Amino acid sequence: MNTMKQVRKRQEHSVRLRDFVGDAAAWGTELGIQVFARINNDLASLNQGTLVVVDYNGLDRSDSSFQREAVVETLRKHRPRLLFVAVNLNDPDMKTNLELALEKRAECLVVRLSTGVALIGKPLAGELMDTLKLASRQGEIASTMLTKKPWNLEPSTASSRLTALWKLGLLERLEGIASSGGREYRYYAIE
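This text gives an overview of the structure that appears in the document. (Residues numbered from 1 in each chain as written. Predicted model: local features only at pLDDT ≥ 70, side-chain atom pairs only at ≥ 80, totals over all residues. Heavy atoms only, no water.)

**Side note on the sheet that holds strand 1 (residues 12-16)**
Neighbouring strands of a sheet are bound in pairs by backbone hydrogen bonds; such pairs are parallel or else antiparallel. Selection criterion: Two strands qualify as a pair provided DSSP detects at least 2 bridges between them. What counts as a helix is a DSSP run of H or I of at least four residues, what counts as a strand is a run of E of at least two, and both are numbered from the N terminus. Orientation is described by axes fitted as lines to C-alpha atoms, over the contacting stretch for helices, and by angles from 0 to 180 degrees between their N-to-C directions. Contacts are assigned to residue pairs that have any heavy atoms within 4.5 Å of one another.
An order of 1-3-5-6-7 is seen for the 5 strands of this open sheet, with the pairing classed as mixed. Either end of the sheet is taken by a strand with one partner, and the two such strands are strand 1 and strand 7 (116-121). Averaged over all pairs of adjacent strands, the angle between strand axes in this sheet comes to 30°, irrespective of strand direction. Looking at chain direction, strand 3 (residues 51-55) and strand 5 (residues 83-87) are connected through 5 bridges and run parallel. By the bridge assignment, Val 54 is partnered in strand 5 with Ala 86. Contacts from helix 4 (residues 92-104) reach strand 6 (108-113) and strand 7, with the element oriented near 55° to strand 7.

**As for the nonpolar core**
Formally: Side-chain atoms within 4.5 Å link the members of a nonpolar core, which is a set of buried Ala, Val, Leu, Ile, Met, Phe, Trp, Tyr and Cys residues. Under the scheme applied here, a residue whose accessible area is under 20% of the maximum for its type counts as buried, over 50% as exposed, and between as partly exposed, the area being computed with a 1.4 Å probe on protein chains only.
Ranked by size, the top nonpolar core spans 30 residues in total, and within it Tyr 56 and Leu 98 carry the most contacts. Among the elements that make up this core, the one with the highest residue count is helix 3 (residues 64-78) (5 residues). In this view, Leu 98 contacts Tyr 56, Gln 67, Val 71, Val 72, Leu 89, Leu 109 and Ile 120; residues no more than four positions away in its chain are not counted. Ranked by size, the runner-up nonpolar core spans 23 residues in total, among them Val 110, Leu 128, Leu 132 and Ile 190.

**Let's talk about the pairing of strand 10 (residues 183-189)**
Where strand 8 (residues 140-142) and strand 10 come together, 3 bridges link them in antiparallel fashion. Bridge assignment links Ala 142 to a residue of strand 10, and that residue is Arg 186. Note: strand 9 (residues 171-177) against strand 10, 7 bridges, orientation antiparallel. The residue bridging Ile 177 from the neighbouring strand is Arg 183, located in strand 10. Between strand 9 and strand 10, which follow one another and run antiparallel, lie 5 residues, and Gly 181 among them has a positive phi close to 100°.

**Brief notes about the environment of Ile 141**
Along the polypeptide, Ile 141 turns up in strand 8. With relative accessibility at 0%, the residue Ile 141 sits in the buried group.

That is the geometry; function is a separate question.
This is the structure we're talking about:
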């Protein structure tokens, strides 16, 4: 068995929030709506599967209402067509405010840390978290993999789990052809 982790190369696009805000502090619903419009315009022409790196570098302060309108609404509008990851989210207050905004909208987001990646926002059900961790370890996964030992899931259950993670924007999905000749989706971890 191949134990090498598969890593998918994908196009990346940076969204440096400081550039969209124009200041080191981002407060309030109104500013969040304005920044959402700017980010939305910036993302409109990106190809499906592009990884949007939401960069907090240079943003010193931000409240939950700004995060909700600018960041969380961007995720909701563009997922699953685009993939998202946050970087440089080092300030604990900003991270907490983003988590609150994500939880309020029942969303979650992958965050790159110096020690790896973490998931913030709405907690996933145990079986979805287990599937996401497996996909992250493997790098690439298909539902047929989950129907074999040691998982032994029914095909519909395996497919449902992976589809749910894709719809949440936590896995990338590409259509391919199964060994049987039918359609099979391959899912890739976001890191």
